[in-house]
Amino acid sequence: MTDERLNEAVGANIRRLRQAVNMSQTELARHVDESFRQQTILKIEKGSRPLKLTEAVAIAEALSVSVEYLYQPDVEPAEKVSQVLRQLIDTAESARASIASLEYLRRSLAFLVEKHAGELPAQLREHADDWAGDSLASDVAARGVRDFEDSPIGRGGITAVHTDPRAAWGESADEE
């Protein structure tokens, strides 16, 4: 493929993706650099101006795709869907791990606050109780874990090194 055809294909990909997220050329330009202009995005989309690597990184980030995705002009729609699906699954698996970690840390905090309640300064205990208790954040985290486990992407549910945080702190569940 010639440089000219590659520039046109990359520009078409950017235009299609930008329009898919209802972003104007001016908005996309702002994501690239403060000095970047709408006219530059127009030239890139038409293929009359090549895309610099730093610009490609900023544009890909603004459009929530990989830089590689911008440069795949002749890929079949099914392959593009597969690529985005793989990215989605990778991101979902990362989110699943983050949610599991969040819930584990929340439970650990609740356990430690309960165990050492008398030793903690009042302000620290109050702040820790807010995070460890049945707050909106823990509610959302727990709901997210359950919803994700039940989803087709969840495949096998949440796994964590310690399902009971007491084990990580040298305690057993039957010592209560």
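In the block above lies the structure referred to throughout.
Residues numbered from 1 in each chain as written. Predicted model: local features only at pLDDT ≥ 70, side-chain atom pairs only at ≥ 80, totals over all residues. Heavy atoms only, no water.

Draft legend 1. View of the pattern of salt bridges. Evaluation of the coordinates by the stated rule reveals five salt bridges. Linking Arg-106 and Glu-103 is a salt bridge whose minimum nitrogen-to-oxygen distance equals 2.6 Å. Here the residue Arg-106 and the residue Glu-103 both occupy positions in helix 6 (residues 77–115), the gap between them amounting to three residues, near one helical turn. Two residues, Asp-129 and Arg-125, come together in a salt bridge whose shortest N-O distance is 3.2 Å. Taken together, the residues span about one helical turn, with Asp-129 and Arg-125 both in helix 7 (residues 122–132) at a distance of four residues. With relative accessibility at 33%, the residue Asp-129 sits in the partly exposed group. One salt-bridge network, in which partners are shared between bridges, spans Glu-103, Arg-106 and Arg-107. (Salt bridge = Lys/Arg side-chain N within 4 Å of Asp/Glu carboxyl O. Helix = DSSP H or I, 4+ residues; strand = E, 2+ residues; numbered from the N terminus. Buried < 20%, exposed > 50% of the residue type's maximum accessible area, 1.4 Å probe, protein only.)

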